[in-house]
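# Tertiary structure, described
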Amino acid sequence: QVRLVESGGGLVQAGDSLRLSCVASGRPFGASAMAWFRQAPGKEREFVAVVMSGHQYYSDSVQGRFTISRDIAKNTVYLQMNSLKPEDTGVYYCAAGPVGSSLNNRYHYWGRGTQLTVSS
């Protein structure tokens, strides 16, 4: 059974940094695209970042502040978040799929999410 488990969320202040982790189990994810999405209260889930084949892509809202990386040996993908803003608040989801995309329907596997709250 494929599982994605996120961790690292919490309550921080604006300007702080935090790193999220997502551990994948059940199959090797070395060739898969691994992505982070987020969903704020009352809003749709939105793309944050994706890593695949050594390339990373980011949404405009996090470009320059967030960094996605992966450790294939550990089947883990990370999201380093710097200069956090209150608008970064939401539930952060890890996703895995065959191709990298900003569209959430392109991903086959999802974690349950980890909550990030950024206070002003």
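Everything that follows concerns the structure shown earlier in this document.
Residues numbered from 1 in each chain as written. Predicted model: local features only at pLDDT ≥ 70, side-chain atom pairs only at ≥ 80, totals over all residues. Heavy atoms only, no water.

## Digging into the overall build of the protein
Check the secondary structure of the protein and you find 0 helices and 11 strands. Scanning the protein from its N terminus toward the C terminus, one meets helices and strands in the order β-β-β-β-β-β-β-β-β-β-β. For 120 residues, the compact-globule estimate of 2.2 N^0.38 gives 14 Å, and the protein sits close to it at 13 Å. Counting only C-alpha atoms and orienting by the principal axes, one finds that the protein spans roughly 40 × 25 × 20 Å. Each of the 120 residues in the protein was classed as buried or not, and the buried ones make up 40%. Pairs at least 24 apart in sequence give 57% of the contacts found in the protein among residues at least 6 apart. (Helix = DSSP H or I, 4+ residues; strand = E, 2+ residues; numbered from the N terminus. Rg over C-alpha atoms; globule rule 2.2 N^0.38 Å. Buried < 20%, exposed > 50% of the residue type's maximum accessible area, 1.4 Å probe, protein only. Contact = heavy atoms within 4.5 Å.)

## Overview of the pairing of strand β11 (residues 114-119)
Judged by which residues are buried, β11 turns out to be one-sided: T114, L116 and V118 face inward and are buried, whereas Q115, T117 and S119, on the alternate face, are not. Bridge count for strand β2 (residues 10-13) against β11 is 4 bridges, and the pairing is parallel. In the strand pairing of β11, Q13 is matched with S119. Where strand β9 (residues 90-97) and β11 come together, 3 bridges link them in antiparallel fashion. In the strand pairing of β11, V91 is matched with Q115. (Pairing = 2+ DSSP bridges.)

## What about the pattern of salt bridges?
Any two side chains of opposite charge can pair, so long as their charged atoms come close to each other. Counted by the stated rule, this structure contains 3 salt bridges. The residue R38 makes a salt bridge to E46 at a minimum N-O spacing of 2.6 Å. Here R65 and D88 are joined by a salt bridge, their closest N and O atoms 2.8 Å apart. On the criterion of sequence distance, the pair formed by R65 in the loop between β6 (55-58) and β7 (66-71) and D88 in the loop between β8 (76-81) and β9 is long-range, its members being 23 residues apart. Judged by its relative accessible area of 11%, R65 is buried. (Salt bridge = Lys/Arg side-chain N within 4 Å of Asp/Glu carboxyl O.)

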